[in-house]
Amino acid sequence: MRRAVLWLALIAICVAVVPASAQFGTEEQEVKYLQVPHRFQIFVDGGIALPSLPGLFKDYWNTAFNFGMGFGVVVFPWLEVNGTLNSISFNNNDIKSKSKLGYQGVKGLEGGAIHTRMFYGSARFIAVPHARTNPYVEIGVGGFKTKADDLSIENVVQNSMENVSGICVVPSVGIQYAMNERWSAYSKVTYAVNLNSDFAPGDLLIPVGSTQKTIGGNQVISSIVVGVMIKF
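Residues numbered from 1 in each chain as written. Predicted model: local features only at pLDDT ≥ 70, side-chain atom pairs only at ≥ 80, totals over all residues. Heavy atoms only, no water.

**Some thoughts on the overall build of the chain**
Step number 1: From N to C terminus, the chain includes four helices and 11 strands.
Step number 2: Scored against the burial criterion, the 232 residues of the chain give a buried share of 45%.
Step number 3: Contacts spanning at least 24 positions in sequence make up 72% of the contacts within the chain whose residues lie at least 6 apart.
Step number 4: Total accessible area on the chain stands at roughly 12,100 Å², and carbon and sulfur atoms take up 63% of it. (Helix = DSSP H or I, 4+ residues; strand = E, 2+ residues; numbered from the N terminus. Buried < 20%, exposed > 50% of the residue type's maximum accessible area, 1.4 Å probe, protein only. Contact = heavy atoms within 4.5 Å. Areas by Shrake-Rupley, 256 points an atom, 1.4 Å probe, with all protein chains shown as cover.)

If you want it as structure tokens, here you go:
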């Protein structure tokens, strides 16, 4: 699955880069684009989010869909300031979790999904401000909240995890391509670190008959997304 995700990342970057190569012989179109500056932008994106840390989160929860949306302001041609809202829900891998819980019966496992929302402001540094194809680096800082549905097996076990919240740090690298004067497409890879050592998904996997809580750690989420942006 993770190898497929890497291939998707390469495809997303190619989708953004290949159309730009067709513009090299059309200098008149490039000049026309440069003559239309903008001040504000709205964007929406989606992609794949991978649970990365702590280890139990990585091993016992599935890859999820990452939905994001936001708005931004152009400060300088090489600097944009954006506000982003991300929402991700990771479903529990019930086959692996049954083994971790030590349950040998036939009853189904229910719940266990982990839901994370992040809202952060970011500074995007654009490498080539006056070109249609722009690599960029983005650094985001904001807040997050993570909660989980109880994980249960009827009349056997019901485990819960404490809600956590705190500061999130979201670095990313990407590339954007201006399709015309108003619309741009982009792809990026992010590595979000949600800073709260009380995040303990292992509490949902406490074996039947045990009451000992697990040790938590910062929640880390890796994502590969593609999106579109409209400029004003």
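**Describing the sheet that holds strand E8 (residues 157-159)**
Step number 1: Spatially, the three strands line up as an open sheet ordered E4-E7-E8, and their pairing is antiparallel. In this open sheet, the two edge strands, each paired with only one partner strand, are strand E4 (109-111) and E8. Geometrically, the sheet is characterised by an average inter-axis angle of 15° between neighbouring strands, direction not taken into account.
Step number 2: Pairing of strand E7 (residues 151-153) with E8 involves three bridges; the strand directions are antiparallel. Directly across from Ile153, in E8, lies its bridge partner Val157.
Step number 3: Sheet contacts for helix H4 (residues 94-101): E4, E7 and E8; angle to E4, the most-contacted strand, approximately 110°. (Pairing = 2+ DSSP bridges. Axes fitted to C-alpha atoms, helices over the stretch in contact; angles between N-to-C directions.)

**A closer look at the sheet that holds strand E6 (residues 133-148)**
Note on sheets: strands pair through backbone hydrogen bonds, and any given pair is parallel or antiparallel.
Step number 1: Read around the closed barrel, eight strands run E1-E2-E3-E5-E6-E9-E10-E11, paired in antiparallel fashion. Neighbour-to-neighbour, the strand axes of this sheet turn through a mean angle of 25°, independent of strand direction.
Step number 2: Where strand E3 (residues 79-90) meets strand E5 (residues 114-126), 12 bridges bridge the pair, whose relative direction is antiparallel. Residue Asn82 lies in a different strand from E5, and its bridge partner there is Ser122.

**Details of the side chain of Asn66**
Step number 1: In this fold, Asn66 is placed in strand E2 (residues 64-76).
Step number 2: Judged by its relative accessible area of 1%, Asn66 is buried.
Step number 3: A polar contact of 3.5 Å, which involves the side chain of Asn66, links it to the side chain of Asn86.
Step number 4: Among all residues touching Asn66, those that are not within four sequence positions of it are Asp45, Gly46, Gly47, Ala49, Asn86, Ser87, Ile88, Ser223 and Val225. (Polar contact = N/O pair within 3.5 Å; in protein donor to acceptor, adjacent residues only side chain to side chain.)

**Quick notes on the pattern of salt bridges**
Step number 1: Scanning the entire structure with this criterion turns up three salt bridges.
Step number 2: We note a salt bridge from Arg124 to Glu80, for which the minimum N-O separation is 4.0 Å. Of this pair, Arg124 sits in strand E5 while Glu80 sits in strand E3; the two residues are 44 residues apart in sequence, bridging distant segments of the chain. As far as the burial class goes, Arg124 and Glu80 line up, both buried.
Step number 3: If you follow the salt bridges from partner to partner, you end up with Glu80, Arg124, Glu138 and Lys188 in one network. (Salt bridge = Lys/Arg side-chain N within 4 Å of Asp/Glu carboxyl O.)

**Brief notes about unusual backbone geometry**
Step number 1: Between Leu53 and the following residue, Pro54, the backbone shows a cis peptide bond with an omega angle of -5°.
Step number 2: Note that Pro54 resides in the loop between strand E1 (40-53) and helix H3 (55-60).
Step number 3: Its identity is not glycine, yet Asn155 carries a phi of approximately 60°, on the positive side.
Step number 4: Mapped onto the secondary structure, Asn155 falls in the loop between E7 and E8.
Step number 5: We classify Asn155 as exposed; its relative accessible area is 71%.

Taken by themselves, the reported measurements are silent on function.
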